[in-house]
Amino acid sequence: MPGPAVILKELHRLRRNIKDLETKIEQAPKQLAIQQKKLAFQEDIFKQTQEQLKTLASAIRDKDGSIKATQTQVKKYEKQLETAGNKKEYDTLKAEIASEKALISKYEDETLAAMGESEAKAALLPEAEKAVQKARADFAQYEKDLQERLVRFADDKTKSQEALKTTEATLPEDVHALYDRLIAAKGMDTLSPVTGRTCSACYTEITSQMLSELKREMTMLCKNCGRMLYLES
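Position numbers for residues start from 1 in each chain and track the written sequence from start to end. With pLDDT at 70 or above as the cut-off, local features in this predicted model cover only qualifying residues; side-chain atom pairs require 80 or more to be listed or tallied, and sums for whole chains, interfaces and linings still use all residues. Side-chain metrics rest on all non-hydrogen atoms present in the structure, leaving aside hydrogens and water.

K.L.:
Would you explain the overall build of the protein in this entry?
P.N.:
When its secondary structure is counted, the protein shows four helices and four strands. Note on method: radius of gyration uses C-alpha positions; expected globular size equals 2.2 Å times residues raised to 0.38. Relative to its length of 233 residues, the protein is extended, with a C-alpha radius of gyration of 40 Å against a globular reference of 17 Å. Each of the three principal axes of the protein carries a C-alpha extent, and together these read 125 × 35 × 25 Å. Taken across its 233 residues, the protein has 30% of its residues classed as buried. Residue pairs in contact within the protein that sit at least 24 positions apart in sequence constitute 68% of those at least 6 positions apart. Residue exposure ignores everything except the shown protein chains as possible cover, and the areas themselves are Shrake-Rupley values with a 1.4 Å probe. When the accessible area of the protein is evaluated, it comes to approximately 14,900 Å², of which 53% is carbon and sulfur surface. Elements are defined by DSSP. Helices are runs of H or I of four residues or more, strands are runs of E of two residues or more, and each kind is numbered from the N terminus. Here's how the labels work: a residue is buried when its accessible area is under 20% of the maximum for its type, exposed when over 50%, partly exposed in between, all with a 1.4 Å probe on protein chains only. Here, residues are in contact when the closest pair of their heavy atoms is within 4.5 Å.

Here you go:
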């Protein structure tokens, strides 16, 4: 039967493994949320591009309607010009016609600019759609893989917990009693390996006598952090 030091080392390994698995299980929802945000970001880009194209198309239609309405007004003024009764009326109509034609020119420039912007946005749409499709596929695969990992983590945790109970039962009675008290008080901070002559938890150097007693499989507690010590090798 292995001595207490070997058993303590295995108990420490099992407890750290269980803690690591619990951490991975706890972090899973956060990791999934990060992937969801990545997907939502790509979907937002695609949606924004679509909305911008709709807005530009609406603006182009509005400008076209304004051009036609203004051209109709110009024709109306030109017809009135033919029957102007005096110079003042004639000059006023000429000024109105010039103003309306300048407005038509402005609308045409704005229409051309909107059309150019629309073409540029339309060129980006296929790539944005591909990016969304890839993001959706990536998220679906990630979610599938994550669920498989969670099942594996849960299974590994159960096995480690069972191994922990079995290994704890092999501790000598006096060591087991101390171990139980420390576990109840310190939890994961119960055990610490000694590397060389140093407690790996608090980096306090142990005495030569303590090292000698550890080598003889005696139970030792770190004088600084109170952890149950065992030799790393």
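K.L.:
Help me understand the nonpolar core, please; the structure alone is not making it clear to me.
P.N.:
The tendency in soluble globular proteins is for nonpolar side chains to be buried as a group. Counting residues in each nonpolar core, the largest one holds 16 residues, and the members touching the most others are Leu8, Leu11, Leu164, Leu171, Tyr179, Leu191 and Met228. At the level of secondary structure, the elements contributing two or more residues to this core comprise helix H1 (4-81), helix H3 (173-186) and strand S4 (228-231). The greatest single-element share of this core, amounting to six residues, is contributed by H1. Once residues within four sequence positions are removed from consideration, leucine 191 is found in contact with Leu8, Leu11, His12, Tyr179, Arg227, Met228 and Tyr230. Counting 11 residues, the second-largest nonpolar core is a separate cluster that includes Leu214, Cys222, Cys225 and Leu229. Definition used in this section: a nonpolar core is a set of buried Ala, Val, Leu, Ile, Met, Phe, Trp, Tyr and Cys residues joined via side-chain atoms within 4.5 Å.

K.L.:
Hey, could you run me through the pattern of salt bridges in this one?
P.N.:
For this analysis, a salt bridge means a side-chain nitrogen from Lys or Arg found within 4 Å of a carboxyl oxygen belonging to Asp or Glu. If you walk through the whole model with that rule in mind, you get 18 salt bridges. The partner of lysine 101 in a salt bridge is glutamate 78, and the shortest N-O contact between them spans 3.8 Å. A residue pair is termed long-range when its members are at least 10 positions apart, and lysine 101 in helix H2 (residues 87-168) and glutamate 78 in helix H1 qualify at 23 residues. Linked through salt bridges whose partners overlap, the residues forming this network are Lys63, Lys106 and Glu110.

K.L.:
How do you make sense of the side chain of threonine 111 when you look at a structure like this?
P.N.:
With respect to the helices, strands and loops of the structure, threonine 111 is situated in helix H2. Once you skip the residues sitting within four places of it in the chain, threonine 111 turns out to touch Ile60, Lys63 and Ile67.

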